[in-house]
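# Structure assessment
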Amino acid sequence: MASIASTAARGPRKRASGGLLSRFRERETWWAYGFISPWAFGFLALTLGPMVASLYFSFTDYGIEQIAGFKATEYVGAANYRQLMDDPKVATALLNTLTYTIMMVPATMAVALGLAMVLLRIGRASGFFRTVFYLPQMTPPVAVAILLLLMFNGSTGIVNEGLGLLHIPGPFWTSDPTWIKPGLVIMSVWSVGGTMVIYLAALRAVPRQLYEAAAMDGAKPWRRFRNVTLPMISPALFFTFIILTIAGITNFTEAFTAYFGPGQAGAEAPEAALMYTIYLFRQAFEFGAPGGMGFASAMAWLLFVIIMIVTLVNVVVSRRFVFYQGETK
Amino acid sequence: MSVGAQGGLGPAGTGAGTAPIPQVVVSAPRRLPRGVGRFKQAIFVALVLGLSVLFVYPFLWLVSASFKPQSDTFDNRLIPNVWAWNYDRVFEIAPVATWLFNTVWIAGLGALLTTFSSAIVAFAFAYFRFPGRGLLFALVLATMMLPPQVTMIPTYLIWNELGLVNTQYPLWVPQMFGSAFYIFLQRQFFLGIPRELFEAARIDGDSYWTMFWRIAVPLAKPALIVTFIFEIQAKWFDLMTPLIYLRDAALFTLPLGIKSVLDQFGQGGGGEGEYHVIIAATVILTVPMIIIFAIFQRYFIEGIATQGRKG
């Protein structure tokens, strides 16, 4: 009886319910929890648990010695976080990551939008070329990195050979610290296909009447682009901006493959390619320094906080600029 | 104007397909934007052709270089001057066949597990009404923002505790617990299935499992295929997880294997750089993805486009 009473009390929240329905809902609830249990287990064991653990480790000297069982884990207070500020490599890595992201995100968005707009204007051939532009997106990052090393090689690479034909002396893309990040950015922009497809879908959804009305009011193409196209696709721009920014901040594979590895594990690895996630990874798994995992955990939490701040700022700023069609109604 | 207003929704008359998910068919004969005449269109086609070269040339360069002898690798000709078969050598110097096999089964199994576990969870969030649904779904979405680096170290320690570091389990077992992004994607899809279908099944006395398996899953096939191929791609691209967990070369997946070939035979390895071998290995890494794309092209592009529409 007690259970019937309690469910009946809950009943009116959604729908008027009789005894039968509430019993049904009890069963439904039970089934629902059963259905989400795989996720719930994964969330607790592989997300929430590790998150708490990594927060804990970030305040300890956990590292290779503890894994081997030589030493007990010691609480070190905020020492790892202080070290974040003292270690010059953290600053270098942060700056590298920031530079890369600041170059990569606008470049990718601009190229993607340009390609999408051109595709819209070529009629029935656009399906074929959309495939062509999407292809690089299917290239595994390790392969992208190898292509970067080979094609952008300063003396033998085809990129500099091409620039030479135009009488532009090409830089040493893969060894000159100034040019390492631009090389990485160019390869990222090459994989612009996904962003382009999103813009293409957004552009197609812009009602034609708006352009016709604007044209009738005498708006020139640039005005139509600024005052019709951009506002109408702003949700897609906003979405890709967030996704690309996070992808930029957490970028790992291309730079790691091209510039770091057992072969280059010594001091030779170029500082200019040291992305934040690479330094974090090496602290945790490669250097084998005592306390490395505690320090890497602190780095991971700083990364998480940065991503949260960036996303929040984006959301707040977007309230002013992003136009959702539903709002007008 | 009523014809044009449908925009990208629905099969747009190209005969391209009968998939029930909203299509973004580009090639439908539609009116061009105002002011784009034949001449202008020709200019745009020329522009697109020029740009295409930039997007495709790296592939051509790679494949062509893979057929050149070591001395010609960097001659940057499109057609090799002298032809060479470097693929024998690749399989000689490294267990590439094993890596390929490892990657195929890990990616396949992992993608299958992710697809179905995510579908089960997504169905629960789409169909059932239960206490805590909103909060739990918000948690699912929140985990999408979490960078893997935050959970990476403790997760490694768990596997280490289980004695399963340097095995392939950490690469596919976590796929059994659903993945936030796919749960979101599939839930959207399940929500599009008319509720009456399920109500009717319930009146017929079907169990919830039957409703999921016999009604929801078949109808959601496009979303499941999108999940499957996206996850195949993700596994095929992943370097960090195998890098953390695998030590023996016999266990490697292709990305890690090719990375080790690069480290060993590139300039960092101390040799003069056997780049012809590295290039052939890179072709082996890349070609399967191109084939997958050729087969499932529509799903990749629709999957990506839907993702953007929800944003």
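Residues numbered from 1 in each chain as written. Chains lettered and ligands numbered in written order. Predicted model: local features only at pLDDT ≥ 70, side-chain atom pairs only at ≥ 80, totals over all residues. Heavy atoms only, no water.

## Quick look at the side chain of A:Asn80
All names here are of chain A. Topologically, Asn80 is positioned in helix α4 (residues 79–86). Within polar-contact distance, the side chain of Asn80 engages the backbone oxygen of Gly294 at 3.5 Å. Asn80 has contacts with Phe57, Ser58, Phe59, Thr60, Gly294, Phe295 and Ala298, leaving out every residue within four places of it along the chain. (Helix = DSSP H or I, 4+ residues; strand = E, 2+ residues; numbered from the N terminus. Polar contact = N/O pair within 3.5 Å; in protein donor to acceptor, adjacent residues only side chain to side chain. Contact = heavy atoms within 4.5 Å.)

## Comments concerning the interface of chain A and chain B
At the interface, 99 residues of chain A touch 99 residues of chain B. Interface area, chain A with chain B, both sides summed: about 9,400 Å², of which 77% is carbon and sulfur. A per-residue breakdown of the area chain A buries against chain B is headed by A:Phe35, A:Trp39 and A:Met138, which together make up 9% of the total. Summed over the shared surface of chain A and chain B, the number is 0 salt bridges. The interface formed by chain A and chain B holds 11 residue pairs in polar contact (both at pLDDT 80 or more) in total. (Buried area = accessible area lost by both parts, 1.4 Å probe. Salt bridge = Lys/Arg side-chain N within 4 Å of Asp/Glu carboxyl O.)

## Digging into the nonpolar core
Inside soluble globular proteins, nonpolar side chains tend to come together where they are buried. Counting residues in hydrophobic clusters, the biggest one holds 155 residues, and the most contacted among them are A:Phe133, A:Tyr199 and A:Tyr259. For this core, the leading source of residues is helix α13 (residues 275–310) of chain B, giving 16 residues. Those residues in contact with A:Phe133 that sit more than four places away from it in its chain are A:Leu115, A:Leu119, A:Gly193, A:Met196, B:Val48, B:Leu51, B:Ser52 and B:Phe55. (Core = buried A, V, L, I, M, F, W, Y, C linked by side-chain atoms within 4.5 Å. Buried < 20%, exposed > 50% of the residue type's maximum accessible area, 1.4 Å probe, protein only.)

## Some details on the pattern of salt bridges
All names here are of chain A. For the structure on display, the rule yields 11 salt bridges over all chains. Here Lys89 and Glu271 are joined by a salt bridge, their closest N and O atoms 3.4 Å apart. Placement of Lys89 in helix α5 (residues 88–120) and of Glu271 in the loop between α14 (253–259) and α15 (276–286) is noted, with a sequence separation of 182 residues between them. According to the relative accessible area criterion, Glu271 is partly exposed, its value standing at 39%.

## Quick look at empty space enclosed by the protein
Residue and element names in this part refer to chain B. For the structure on display, the rule yields 1 cavity of 30 Å³ or more. In this structure, the largest cavity occupies an estimated 70 Å³ of space. The wall of the largest cavity is formed by Thr103, Ile106, Ala107, Leu171, Lys235, Trp236, Asp238, Thr241, Pro242 and Thr253. Mapped onto the lining of the largest cavity, the elements with two or more residues apiece are α3 (96–127), α10 (221–237) and α11 (240–245). Take the lining of the largest cavity: its biggest share by element is 3 residues, from α3. (1 Å grid on protein atoms, 1.4 Å probe; cavity = no way out; pocket = protein on both sides within 12 Å on 5 of 7 lines; lining within 4 Å. Points joined across faces, edges and corners; volume = space filled by probe spheres on them.)

## Focus on a nonpolar patch on the surface
Residue and element names in this part refer to chain A. A surface patch of nonpolar side chains, amounting to about 510 Å² of accessible area, comprises Val305, Met308, Ile309, Val313, Val317 and Phe321. Relative to the elements of secondary structure, Met308 occurs in helix α16 (residues 292–321). Taking relative accessible area as the criterion, Met308 reaches 33% and is therefore assigned partly exposed. (Patch = residues over 30% accessible without salt bridge, like charges linked within 9 Å, V, L, I, M, F, W, Y side chains within 5 Å. Areas by Shrake-Rupley, 256 points an atom, 1.4 Å probe, with all protein chains shown as cover.)

## Some details on the packing of aromatic side chains
Residues and elements named next belong to chain A. Under the definition given, this model contains 56 aromatic pairs over all chains. An angle of 65 degrees between the planes, with centres 5.4 Å apart, marks the rings of Phe252 and Phe281 as edge-to-face. Here Phe252, found in the loop between α13 (234–249) and α14, pairs with Phe281, found in helix α15; they are 29 residues apart in sequence, far enough to count as distant. Given the relative accessible area of 2%, Phe281 is considered buried. (Phe/Tyr/Trp six-rings, centres within 6.5 Å; stacked < 30°, edge-to-face > 60°.)

## Remarks on the confidence of the model for chain B
Caution applies to low-pLDDT parts of the model: their predicted coordinates are not meant to be read in detail. Across chain B, pLDDT averages 84, with 85% of residues at or above 70. Here residues 1–32 of chain B scores under 50 on pLDDT; set against residues more than four positions off or in separate chains, the count is 53 contacts. (pLDDT = per-residue confidence, 0-100.)

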